[in-house]
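# Summary of the model geometry
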Amino acid sequence: MWKLAATLAVGLGVIAGPAAAQDRPERIGMGIFTFTSGPAAAYGMPGRNAAELIIEQINEAGGIGGVPIAPTYVDEAQGGEGVVSEFRRLAGDQSIGVMVAALSSGNCMALAPIADQLEVPMVTWNCDTHQLFLGEEHPYVFRPNSSTVPEFISYAAYLAQKSPDATRIAIINPDYAFGHDAAQIFTGAMKAFNPDVEVVAELFPKLGTASFNTEISRIAAARPDVIFSNLWGADLENFVRQAQARGLFRSSQVVLALGESVLQRVELPEGVIVGVLGDGWWMSPDAQANERTKEFVSAYRERFGEYPVFPAMKMANTILAVQAAYEKAIEASDGWPGRADLREAFAGLELETLTGTVTVREDHDGLVDQLVGVTVASDEHDFPVIGEMVRYPADQVTPPVGEDPMAWIGTLTPDFAASLPKPGSYE
Amino acid sequence: MDIIIPLLVDGLAAASLIFFIAVGLTLVFSVLRVLNVAHGSFYSIGAYVAVSIGGWAASAGLSPWLSFPILLISAALVAALLGPFIEATFIRYTYGKPEALQILVTFALFLIFEDLQKLVFGVQAHYQDAAMQVLGVSEIGGIIYLNYQLLLIALAVVVVVSLRLLMRHTRLGKLILAVVADPEVSVTLGINARQVYSIAFTIGVFLAALGGALATPTSGVAPGLGAEAIVLGFAVAAIGGLGQIEGAALAAVIVGLSRVIAIYYAPAFEPVMPYLVMLVVLLVRPYGLFGTAQARRI
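Residues numbered from 1 in each chain as written. Chains lettered and ligands numbered in written order. Predicted model: local features only at pLDDT ≥ 70, side-chain atom pairs only at ≥ 80, totals over all residues. Heavy atoms only, no water.

### A short note on the state of the cysteines
Residues and elements named next belong to chain A. Definition in use: Two cysteine sulfur atoms make up a disulfide if the distance between them is within 2.5 Å. Only runs of H or I of at least four residues qualify as helices and only runs of E of at least two qualify as strands under DSSP, and these elements are numbered from the N terminus.
Per the stated rule, a full pass over the model turns up 1 disulfide over all chains. In this model, Cys-108 is linked to Cys-127 through a disulfide, with the two sulfur atoms separated by 1.9 Å. In this structure, the disulfide formed by Cys-108 and Cys-127 twists by about -80 degrees around the S-S bond and is classed as left-handed. Here Cys-127 lies in the loop between strand 4 (122-123) and strand 5 (141-142) and Cys-108 lies in helix 4 (residues 105-118), a separation of 19 residues in the sequence.

As structure tokens, then:
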């Protein structure tokens, strides 16, 4: 009988093996999900490029605990079903230690329960929807980045500080969770900072829209003081080209939440409020003071022919967070850390990134500062850069753990915006 | 009243682009009786070729006014290279065959072209907006419009009139009409029906490629453009009545205006407007606005 029990125990040990501490592997498999084709590739490819470069740099420096990272890239343009299927396939490969997924908030929402089910750590690099951890715990999912709430509150705060008299707002966001969430958060915060604010046009064109000409007419007819948009990728490029030619940037204060990602591709006029959904601007004072960042930026520019836009910096910072978690797990484990050990290591993780710091809170959400500014002409570059910057501290613009984000926004007052650092204070 | 002018200008501008997608599709169906799913590919290939040649012209420092002949030349190039070849090697063998087979063959072509485009032009979006920039803007009813939008409306009218003239007042048009009316009698009378099919198919490819090329100055081109075009093209062609050129024009105006009205008054409905219109029209007139149960007219 004891032999049977011993055999069963050994057998169960083998089955449970991948999740527990084990021998040092030859490589650390990493599934990396982003858009590498289609209109969204304009945003997703910088992430792909940054992953390639930062992994190469980590591997050249000896890898993680002496083990090189071996990435497998998955194109999110294949659609939700294909992405889920690829995620399951990679999770079934025990050489894959961690997933860096995904770009799309929709894909993250679909993948999070699967990561929990398959007990594979999933580290989000771009999907910012606050709904990811809203009312549902995901023990295997971590976001070492910020979420939509601090990101879009920051734009409202910047506007309240810079253009306090602006009351007529038009919104043009993509027609999915990211766009609708942003509209709700931005409007809620704007109304909290100035009760006279009214939304005069609210449009949600579908992702992949090529012509925004009717939307531009509709917005122009509404005569808004402010036009807010979190369009991205090729959609943003198309919108900027068409809107600028039709004078929209002259008649209203335009806020492009993801504007930095197109600064090098389209001609944005001066005075447009832009940001980086976090602190990931390669030219920020913090980034420029960091030798490793300068080295990364220079190598990126040399290889890919452009400077790393913020999706690239977010990806690089996320992979550095994975590296930090692995190093923490290695220190805490007897053998090589398994997936469960890595999960443990992510809780409470703090690290210096290429552009600042990040803390992973107990609810698995990240604390990252928010950088906002306006486009200004540059002496050094043939494209505009960000000036009149402010860096809002993460803990000031992020709802406390356990608090409903929308309810928290409802508690904000004009004094809140006034208490934040002022535009131009980050130099 | 203030809203009427923007509704009309935006609606007609949107309609003109939609018309370019549908007109070639409906022309090919009227002559060859083939539902050509690959039509969407010719649209996107026209866009890619126009952006590529336009990009080369810009980098060579040529005048931006050359963008306009480049758009036309791009469409003509695509039509000349692909039209006769595809008709002779694939489409010809589907004449008179069941519609399911025709759709399978042209869908296969569409898939092959989609992958070929990714191989040749890459997977990222491309832009070339010199034609839009050089024309400038006009203010109508207090709203600034691109003159290029107004040019598209004029071009769509020119294409409708030209096709009408071609079909009714030229020898080629009469040959096409004869083949459409009765291919067997046409052959007996000495008409080279094969050649007529090839020419009609090539005109269809030209119109698709021209539509794609004309869309690029404002919208650029990215993978997936062909799929979006063919779905919309089929909807508009079905609303107008398959094979009806004037029907396609009227359907494009209805769909264009309905989308614009939706953006102004019920933005959430904008993406489904072409299909809502199609549903209503086909419920009332199952053969489309200009279609009839048996007639084969163009």
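Back to the text.
### Here's the deal with the UniProt feature "transmembrane region" (unreviewed entry) in chain B
All names here are of chain B. The cut-off we apply is this: UniProt positions are given in the numbering used here, feature names are shortened, and annotations may be inferred rather than shown by experiment.
The UniProt feature table records "transmembrane region" (unreviewed entry) at residues 12-35, 42-62, 68-91, 103-123, 143-166, 196-215 and 272-290. Here residues 103-123 is 90% helix and 0% strand, with 26 Å between the C-alpha atoms at its ends. As annotated, residues 196-215 has a helix share of 100% and a strand share of 0%, and its two end C-alpha atoms lie 29 Å apart.

### Details of the interface of chain B and chain A
Where we set the bar: Residue contacts are defined here by distance: any two heavy atoms, one from each residue, within 4.5 Å place the two residues in contact. By buried area we mean how much accessible surface two parts lose on assembly, using a 1.4 Å probe and totalling the loss over both. In the sections that follow, a salt bridge refers to a side-chain nitrogen of Lys or Arg positioned within 4 Å of a carboxyl oxygen of Asp or Glu. Under the rule applied, a polar contact is a pair of N or O atoms within 3.5 Å (in protein, one hydrogen donor and one hydrogen acceptor; residues adjacent in sequence only if both atoms are side-chain atoms). Under the convention adopted here, Pro, Cys and the residues Ala, Val, Leu, Ile, Met, Phe, Trp and Tyr are nonpolar, Asp, Glu, Lys and Arg are charged, and Gly plus all remaining residues are polar.
Contacts between the two partners involve 25 residues from chain B, matched on the other side by 31 residues from chain A. Interface area for chain B against chain A, summed over the two sides, is near 2400 Å², with a carbon-plus-sulfur share of 55%. Taken as a group, B:Gln124, B:Tyr127 and B:Ile263 account for 23% of the area that chain B buries against chain A, more than any other trio of residues on that side. The residue B:Glu228 makes a salt bridge to A:Lys206 at a minimum N-O spacing of 3.4 Å. Taken together, chain B and chain A are joined by 9 residue pairs in polar contact (both at pLDDT 80 or more). Only strand 2 (143-146), helix 9 (193-219) and helix 11 (245-265) of chain B provide two or more residues apiece to the side of chain B that touches chain A. Looking at the side of chain B that touches chain A element by element, the count peaks at 4 residues for strand 2 of chain B. The class makeup of the residues in the side of chain B that touches chain A is 16 nonpolar, 6 polar and 3 charged.

### Some words on the domain arrangement of chain A
All names here are of chain A. Spelled out, the test is: These domain boundaries are the output of an automatic or database domain assignment.
Along its sequence, chain A is organised into domain 1 (24-146 + 287-360) and domain 2 (149-276 + 370-419). A straight line from the C-alpha centre of domain 1 to that of domain 2 covers 27 Å. Taken together, the 21 residues of domain 1 in the interface contact 24 residues of domain 2. At the boundary of domain 1 with domain 2, total buried surface from both sides reaches about 1900 Å², with 60% on carbon and sulfur atoms. Area buried by domain 1 at its contact with domain 2 is led by His-130, Tyr-307 and Phe-310, which between them contribute 30% of it. At the junction of domain 1 and domain 2, the tally comes to 0 salt bridges.

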